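Geometric and topological summary
So you can see what is in the structure, the chains are spelled out below.
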Amino acid sequence: MKHVFIAGNWKSNKTVDEAMEWMDSIRITTSAQVILFAPFTLLYPLKQRIASLRLPIELGAQDVSPFGDGAYTGEVNARQIKELCRWVLIGHSERRHHFVESDELLEKKVQQAKASGLSVIYCVPDDTTAVPSGVDVVAYEPVWAIGTGKSDTPENARQVIATIKTKLATNTVIYGGSVTPETSALFVAQDAIDGVLVGGASLDAQKFSTLIGHAASVTL
Ligand code: PGA
């Protein structure tokens, strides 16, 4: 049976109260691997709540410092993140665009993350963008599909992901960009696609529960 990754990216959303409400409403009854990328301020309370509710959810940070400990005001480093979670998201197109993060900077972030034992999901907008070594999961996210309601077609996403897989050592590649409860299974049903990265549709616990259920119902 196919191992399915489902990652939610909350981006810059939710207070502690809102995050706790979400945790109390989420329902996961499948064997899919569910990872939630939350803002730094929520990682500690989320970790506690996941443990107390025994939820099958792994936590991730949405960014990591390219430096280690030291005089880097405002940064959160990999060693600090590792205390609270297993995963980190690196190279999201919003980081590349709004914060002008270059391939070189992103490579440093991956190195820091790996040195601290974090697992990395690395986002690329196409099949030609470089992927640093050590990345655990690649997410193909065409920029025009993010937050627009216009996703790539499952067939095209499959083709791009198959190309990425032939070029890289990593064998796990997921799709992201306007995935909904209605479309999650269509992507996962493609043989080359190992899961989905979900932004908007992960904010609502009920919607995300349905999305996970549909995606995980695909058995290949
Ligand atoms: P979206 O975001 O699902 O809202 O399009 C996806 C992402 O940014 O990872």
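In the block above lies the structure referred to throughout.
Structural notes, computed from the coordinates.

**Some points on the overall build of the protein chain**
The helix and strand inventory of the protein chain stands at eight helices and eight strands. Relative to the 2.2 N^0.38 estimate, which gives 17 Å for 220 residues, the radius of gyration of the protein chain is 16 Å and therefore close to what a compact globule would have. Along the first, second and third principal axes, the C-alpha set of the protein chain runs to 45 × 40 × 30 Å. A buried classification covers 51% of the 220 residues belonging to the protein chain. Put simply, of all contacts in the protein chain between residues at least 6 apart along the chain, 67% involve residues at least 24 apart. With an accessible surface of roughly 10300 Å², the protein chain has 50% of that area assigned to carbon and sulfur atoms.

**Remarks on the sheet that holds strand E6 (residues 137–140)**
If you trace the eight strands once around the closed barrel, you get E1-E2-E3-E4-E5-E6-E7-E8, paired in parallel fashion. Strand-to-strand, the axes of this sheet are offset by a mean angle of 25°, without reference to chain direction. Direction of pairing for strand E1 (residues 5–9) relative to strand E2 (residues 33–38): parallel, over a ladder of five bridges. The residue bridging phenylalanine 5 from the neighbouring strand is glutamine 33, located in E2.

**Some words on the site of the ligand**
Taken together, 13 residues lie near the ligand, and Lys11, His92, Glu141, Gly147 and Ser178 sit nearest. Within the backbone of serine 178, an N or O atom sits 2.7 Å from an oxygen atom of the ligand. Burial of the ligand by the protein chains amounts to 95% of its free accessible area of 280 Å². Partitioning the shell around the ligand into residue classes produces four nonpolar, seven polar and two charged.

**What to know about the pairing of strand E8 (residues 195–198)**
Residues Gly195 and Leu197 of E8 are buried on one face, and the alternating residues Val196 and Val198, pointing to the opposite face, are buried as well. In this sheet, E8 lies alongside E1 in parallel orientation, the contact comprising four bridges. Across the sheet, phenylalanine 5 pairs through a bridge with glycine 195, a residue of E8.

**Points about the packing of aromatic side chains**
If you walk through the whole model with that rule in mind, you get six aromatic pairs. Relative to phenylalanine 187, the ring of tyrosine 175 lies with its centre 4.3 Å away and its plane at 10°, an arrangement referred to as stacked. Residue tyrosine 175 is found in strand E7 (residues 173–176), and its partner phenylalanine 187 is found in helix H7 (residues 184–188); the two are separated by 12 residues along the sequence. Through pairs of rings, three or more aromatic residues link up here, namely Trp10, Trp22 and Phe208. Seen from the ring of tryptophan 10, lysine 14 lies directly overhead, with NZ or CZ sitting 5.2 Å from the centre. Positioned above the aromatic ring of phenylalanine 99 is the side chain of arginine 95, whose terminal nitrogen or guanidinium carbon lies 4.0 Å from the ring centre.

**Digging into the pattern of salt bridges**
This structure, assessed with the given rule, holds 11 salt bridges. A salt bridge links aspartate 24 to arginine 49; the shortest N-O distance between them is 3.0 Å. Placement of aspartate 24 in helix H1 (residues 16–25) and of arginine 49 in helix H2 (residues 40–53) is noted, with a sequence separation of 25 residues between them. We classify aspartate 24 as partly exposed; its relative accessible area is 38%. Here arginine 96 and aspartate 103 are joined by a salt bridge, their closest N and O atoms 3.0 Å apart. Three or more residues are tied together by salt bridges with common partners; here these are Asp63, Arg95, Glu101 and Lys109.

**So, the nonpolar core**
Counting residues in hydrophobic clusters, the biggest one holds 60 residues, and the most contacted among them are Ile6, Trp22, Leu46, Ile57, Ile90, Tyr175 and Phe208. Setting aside residues no more than four positions away along its own chain, tryptophan 22 makes contact with Trp10, Lys14, Leu36, Ile57, Ser202, Leu203, Asp204, Ala205 and Phe208.

**Overview of helix H6 (residues 154–167)**
With 14 residues, H6 ought to run about 20 Å at 1.5 Å a step, and its terminal C-alpha atoms sit 20 Å apart, in line with that. When H6 is considered as a whole, its buried residues turn out to be Pro154, Ala157, Val160, Ile161, Ile164 and Lys165. Viewed end-on, H6 has its buried residues packed into an arc of 140°, placing them on one side of the element. Opposite the packed face of H6, turned more than 90 degrees from it, sit the exposed residues Thr166 and Lys167. Residues of H6 that are buried make contact with strand E5 (119–124), E6, E7 and H7.

Rules behind the numbers
Residues numbered from 1 in each chain as written. Predicted model: local features only at pLDDT ≥ 70, side-chain atom pairs only at ≥ 80, totals over all residues. Heavy atoms only, no water. Helix = DSSP H or I, 4+ residues; strand = E, 2+ residues; numbered from the N terminus. Rg over C-alpha atoms; globule rule 2.2 N^0.38 Å. Buried < 20%, exposed > 50% of the residue type's maximum accessible area, 1.4 Å probe, protein only. Contact = heavy atoms within 4.5 Å. Areas by Shrake-Rupley, 256 points an atom, 1.4 Å probe, with all protein chains shown as cover. Pairing = 2+ DSSP bridges. Axes fitted to C-alpha atoms, helices over the stretch in contact; angles between N-to-C directions. Near = heavy atom within 4 Å. Polar contact = N/O pair within 3.5 Å; in protein donor to acceptor, adjacent residues only side chain to side chain. Nonpolar A, V, L, I, M, F, W, Y, C, P; charged D, E, K, R; others polar. Phe/Tyr/Trp six-rings, centres within 6.5 Å; stacked < 30°, edge-to-face > 60°. Lys NZ or Arg CZ within 6 Å of the ring centre and 35° of its normal. Salt bridge = Lys/Arg side-chain N within 4 Å of Asp/Glu carboxyl O. Core = buried A, V, L, I, M, F, W, Y, C linked by side-chain atoms within 4.5 Å. Expected span 1.5 Å × (residues − 1). Arc of directions from axis to C-beta.

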